[in-house]
Every structure is written in C-alpha cells, then in structure tokens.
Amino acid sequence: MTARVAIVGAGPAGIRAAETLVGAGLKPVVIDEGARAGGQIYRRPPPGFTRPPETLYGSEAPKARALHALFDGLVESGKVEHLAQSAVLGIDADGLNVLRPEGRQVVPYDRLIVATGATDRLAPVPGWQAAGVYSLGATQIALKAQGVALGQRLVLAGSGPLLTLVATQLLKAGADVAAVLDTASLGDQAAGAAGLLARPALALRGVAMRARLGRLYHAGVTLERIENDARGVTAIRWTSASGVESRTECDMVGLGWHLRAETQLAGLAGCAFDYSETWAQWLPRSDRLGRAAEGVYLAGDGLRILGADGAEVTGRLAAIACLQDLGLNAPDPVADLKRLVTLERFAHGIARAFPWPAAHLRALPDATVVCRCEGVTAGELRSVADYGGAEANRVKSLGRTSMGRCQGRYCQLAGAELIAAHANIDTPAVGRLRDQAPVRPAPVGAWVNPARTAGRPD
Amino acid sequence: MTPAPSPRVRRLAETGRAPVGFLIDGQPASALAGDTLLTAILANVPALRQSEFGPEPRAGFCLMGACQDCWVWQKDGPRLRACSTPVTDGLHILTQPPETWP
Ligand code: FES
C-alpha cells in the first residue's frame, strides 16, 4: 500500500512539498483553509476579480503565477487531493480532525507535513483594541484580495519588511497614507545590513521602496497611544527618534512586527520547541530537512521564518525527508540546503534590522489592554503573575489572557515579555503555552455530529 | 452611543463587479459580488459588532481567520466568520446577538 501523506497548508511550502511527493509517485492530501491555494503572500482574489498578478504581487508575480499553475495542475490531473476551506482542529489516533464546509471529517495519514505559515507578530499599543486597528497582514490582504483600504486615512506602524511593502502598495493603489512609523532605529537597521547583503537584489528593492515613501517614513519612533471615539480610531500619538511628540489623525492603524510562526499544530503533533532569541518566540526543533517528530515534518514560516522564497525551499526539503524515511526515491537536497544557508543569513539580518520592541512592551502602562479579545490589561497580567507565579500557562488560567477568541496568537508573546520584566526573569523562563485542540474554534455541532472518515462511505 | 453609519473601508480597485443586496440589522445594504462579509459590511457601516468585554465596537483584525474577532450573527442561521465568508444576495446580518437565542 502506498503511504498516505497529509500536508497542512497550501502556501508556497505546502505546494512545493506536494510537488516533490508527486514526483516520487505519491498522492498527498493537501488541507488548507483558503478557498484557493496560494497561502497568504500569494493569496488569490475570488473569481471575478480582474487585476493581473503583476498588480497584485509586483516583482513576485512570476513566482505567484508559477505556484498557482503548478498546484492547480496537480489537482486537475488528480495527483493531489485538495481539501479547500478546511481547518485542521486537532490530531488524534485516527488522524487529523478536519472541519470542512460540509462538516467534520477525519483524515488518516502515515506521515504529516505541517506548513501552517505565520501570522503577524503583534505588540500591544495603548488603544489598539479600537475598531480600525488591523494587523499589517490584514491591511495587505484587504488590498490584494478585496481591492480595498481598511480606512480613509491610514497609518502603518511597527517594523519589518511588510511595513514598507504594504505602505508602498497602498500608495500605488491610491490610498491616503498619513505616516509610516517604524520602531526600528536607523542604527538597528545598519546593524542588520551585513545579513541583508546575503540577498543584495532584495535588499536594494527594500531601500528603493523606502526612498519612495520619502517624508512619510519615520525610523526609531516610540508609539505612545492610539486615540479613539465611539466609531473607532481617530489618531495616533508618537514620539520621533529625536524626541519630538506628534499626533497624526487617521481612522485606521495597521500594526505588525514581522511574523509569528503558527506552531499549534506542530505542538499537537508532538514537536519540541526552543526559544529563539533571534525571533523572540518559541520555534519548533527540527533537523536541517525539517524532521521534527516521529513521522512529522515541518516547512515554511511555521518552522523557520524565512519568507515565501524560503518556504518553497523548506517545503521541498520536508518532502525529501519524508521520502527518505519512506525508503522512496528522493531528490538530492544539496542545492536547497545551500540555498537555506543564504536565506538564513538574510533572515537573521532582517531580525536584527527590525527588532521586536521588547523595551516598549516592558514599559506598557498598567491600563493598556494586552489581550484585545477579552480586554485583559497589562496591570491585571502583572498582578496575576504576582500571586500565581510567572509561568505562561498559570497566568493564562488565572488571568483569562490567551484564552479568548484568538487563543493567544496576538497577545502571548507580549504577555510573556511583560511577565518576564515584572518578575525580573528572562523571557524564555516564562515558558511556552501548551497547545490545545481545537486550534481553531469550532461550532459545538461539529463535535457532536459524528465525523466521517475519508475514503469510507457514510 | 451608536456610531454614525459611515463606511469604514474605501474601495480602490475592482469596482466593476455585480452588485449584491443584503441587510444589516434590518437596513438594506449593498456590496459587490466577491466581497467577503467583512468588506461588504464595512463598506456600509464602521463596525461588525459590539465587543463583549469592553465599550468598543469591533471591525475585525487579521482578515486571515486567525483572530476570530469578526464573527457576526444572522437573522436565520449560524454565526458567520465575516473575513472568510462571501456575501450573498438576501443575507440578513445582525451586529448584536439575536434576542431569541435558540
Ligand atoms: S478578522 Fe481575524 S478571523 Fe476574521
């Protein structure tokens, strides 16, 4: 019997993993939440939209076209089974618990490739619970997949490559961008330059984009607070690198500090984690090819935050590891392993140039909402840590933080930073939140109704 | 205090799509075919729902199905995640939980 390999995620990593497995004669099943394959960076608009890939993806259009065509071809020729609009909720002895539009389904597998990608890495700014505050990723998705700006007058703030990129794309599309506020100083950015030169063309493109932003762009700012009224955001207050206080009126703020790996499924699959000082977050442990647990392989930004090009490389590598372990004919990984070294040097440069704002987090006023799902404040977190101990899982159960709608995706890193500062310990000592199913909220009915098992008649 | 009914999002492209009619809290609203519910609602009003833990209205956050900030109610039918559900003709969206909870 041929091995059943399940791939979770149909972004660049999942697509390249599928291609590699098909090349060795396997027929993987690819489970993805999107209606159409592509992932977040190469996300496709719904049918009926007319802008060409060149408008949507700019310089990356050829890569987007190639990945979309490759995957659509694999599905059309019956070489890959694609479960679209399907969320993996958890894993048990029978396989993956998948929530599909028509109900719950169990997908059995022998080997699992997890390519769940990343979300924005968020740091709270006082007032960020207001309507009209979005992640930078959301800002880009709105433009790319819907053709809209999420406000009339926009401020983008935070740090990382997406900040400049989204600002440039919005301006080009005719949006009113009032300011681009980067918390990374010019000194940080210079310190990252050596790593960024691992990919000179990409680094230059970033510099050119920055130049086009001109006076809208400010480096080394401190974000003070987002002001709002009953309708939502009205302004953002910030202090410049030279200490000048400003107030910029706007009805939308896009926030983000690069990426946070989406690792809950890897955790449920039994992977171990290490705290990465470089990325200021817990990342799964794996070998160079992505082997992370018995029969479990990881790829893409959910393993190493390397961006879309890196995801293609690690997607292939994970599939190669899987094929090797199955005793099947696997392609030679040498070229991709070499590429990985360059990609990692560049990614370290990015991390150094656009750091996580740890000092800002540690100094957040007590009244700041940290958990925007349930309104838990910095002060409440600090006092919970005082009586319950400075451990992430205890703070979660005692303080309701990370228990809300987003399951901690957007507050746990900031929460850990705050608690560490308050307890005077290192951030990794706060620990990592245990992974719990369902990793996406599921309607109660989906659990009550019996699940169908793939390949078995109802 | 109810926010003034002004749209939150601004359309920059792809405006030639077919119109779709739906209802927000009983009021007629219009959107374009291919809009997500989030886009469709915020093209008419500034928020999706009230927060259950604070005074602020909510308007979504991640647009990628990760934050669950954007769930809205229907007059008839299950709750919907606005950022990943397409708008359809005749849908009746509620920005507050329906009074007659099943
Ligand atoms: S806006 Fe985050 S799940 Fe819809």
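Residues numbered from 1 in each chain as written. Chains lettered and ligands numbered in written order. Predicted model: local features only at pLDDT ≥ 70, side-chain atom pairs only at ≥ 80, totals over all residues. Heavy atoms only, no water.

Bringing the packing of aromatic side chains into the picture now. In this structure the tally under the stated criterion is 4 aromatic pairs over all chains. Considering the side-chain rings of A:W128 and B:F61, the 5.9 Å spacing of their centres and the 85° angle between planes classify their relative orientation as edge-to-face. Residue A:W128 is located in the loop between β8 (118–120) and β9 (133–135), and its partner B:F61 is located in the loop between β5 (57–58) and β6 (71–74); the two belong to separate chains. The exposure class of B:F61 is buried, given its relative accessible area of 1%. A network of ring pairs unites the aromatic residues A:W128, A:Y410 and B:F61 as a single cluster. (Phe/Tyr/Trp six-rings, centres within 6.5 Å; stacked < 30°, edge-to-face > 60°. Helix = DSSP H or I, 4+ residues; strand = E, 2+ residues; numbered from the N terminus. Buried < 20%, exposed > 50% of the residue type's maximum accessible area, 1.4 Å probe, protein only.)

Moving on: the interface of chain A and chain B. Often, the extent of an interface is quoted as the loss of accessible area upon association of its parts. Tallying the contact residues gives 49 residues for chain A and 39 residues for chain B. Both sides together, the interface formed by chain A and chain B hides about 3,800 Å², and carbon and sulfur atoms give 51% of it. At the boundary of chain A and chain B, one finds 2 salt bridges. B:E14 is paired through a salt bridge with A:R51; the nearest N and O atoms lie 2.7 Å apart. Of all elements in the fold, only β8, β9, α4 (136–146) and β10 (148–149) of chain A reach the threshold of two or more residues within the side of chain A that touches chain B. Of all the elements, α4(A) adds the most residues to the side of chain A that touches chain B, at 6 residues. (Contact = heavy atoms within 4.5 Å. Buried area = accessible area lost by both parts, 1.4 Å probe. Salt bridge = Lys/Arg side-chain N within 4 Å of Asp/Glu carboxyl O.)

Structural remark: α-helix, 3.6 residues per turn; residues separated by three or four positions point the same way. Counted residue by residue, α4(A) has 11 buried out of 11 residues, so it is predominantly covered. Considered for burial, the residues of α4(A) that qualify are A:L136, A:G137, A:A138, A:T139, A:Q140, A:I141, A:A142, A:L143, A:K144, A:A145 and A:Q146.

Turning to the packing of helix α5 (residues 161–172) of chain A against helix α7 (residues 200–213) of chain A, a few remarks are in order. When two helices pack together, their arrangement is given by the angle between their axes and by how far apart the axes lie. All names here are of chain A. In the contact formed by α5 and α7, the axes pass within 9 Å of each other and the chain directions differ by 55°. By the angle class used here, α5 and α7 are oblique. Considering only the axes of α5 and α7, their crossing is left-handed. Seen from α5, the contacting residues are T164, L165, A167, T168 and L171; seen from α7, they are G206, M209, R210, R212 and L213. (Axes fitted to C-alpha atoms, helices over the stretch in contact; angles between N-to-C directions. Parallel < 35°, antiparallel > 145°, perpendicular 65-115°, else oblique. Left-handed = near helix turned anticlockwise from the far one by under 90°.)

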